Amino acid sequence: MGKQQLRFAIAALLVGVAWGYLRHRRHPRRQVLALVQGLEWFVAYGGAAALLDTARSALETEPEPPVEFERITHIRQVIEERTGTEG
């Protein structure tokens, strides 16, 4: 549910920025006010909690052990001579 809630909160952020820009379109600091409006909506729709939940889940999961590679340092080649006279 955390990812779905986060997507919903991001959508609220984008709509909040658009709404804030339209609401304050004549103000000299309209971009900042629009961003604040978007952040307010993001937090109100659970975006901060979803981000924290996602971060906690990422930190609590066990990392996969690294893949170990065997290093080849020497190659030995054995050559046998065969003649047609052996029985």
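Residues numbered from 1 in each chain as written. Predicted model: local features only at pLDDT ≥ 70, side-chain atom pairs only at ≥ 80, totals over all residues. Heavy atoms only, no water.

## A closer look at the overall build of the protein
Inference 1: Along the protein, the regular secondary structure elements total three helices and zero strands.
Inference 2: Ordered by position from N to C terminus, the α and β elements of the protein give α-α-α.
Inference 3: The C-alpha radius of gyration computed for the protein amounts to 31 Å, which surpasses the reference 12 Å derived for 87 residues by more than 25%, pointing to a less compact arrangement than a globule.
Inference 4: Across its three principal axes, the protein shows a C-alpha extent of roughly 105 × 30 × 20 Å.
Inference 5: Burial status across the protein gives 16% buried among its 87 residues.
Inference 6: In the protein, once contacts between residues fewer than 6 apart in sequence are set aside, the share between residues at least 24 apart is 56%.
Inference 7: For the protein, the computed accessible surface area is about 8500 Å², with 58% contributed by carbon and sulfur atoms. (Helix = DSSP H or I, 4+ residues; strand = E, 2+ residues; numbered from the N terminus. Rg over C-alpha atoms; globule rule 2.2 N^0.38 Å. Buried < 20%, exposed > 50% of the residue type's maximum accessible area, 1.4 Å probe, protein only. Contact = heavy atoms within 4.5 Å. Areas by Shrake-Rupley, 256 points an atom, 1.4 Å probe, with all protein chains shown as cover.)

## So, helix α2 (residues 30-44)
Inference 1: For α2, built from 15 residues, the straight-helix expectation of 21 Å at 1.5 Å per residue is met to within 8% by its first-to-last C-alpha distance of 21 Å.
Inference 2: Of the positions making up α2, those classed as buried are A34, Q37, G38 and F42. Buried residues of α2, viewed axially, fall in a sector of 140°; they line one side. Exposed residues pointing more than 90 degrees away from the buried face of α2 are listed as V32, V43 and A44.
Inference 3: Taken from the residues just after α2, G46 is the one with a positive phi, measuring 85°. (Expected span 1.5 Å × (residues − 1). Arc of directions from axis to C-beta.)

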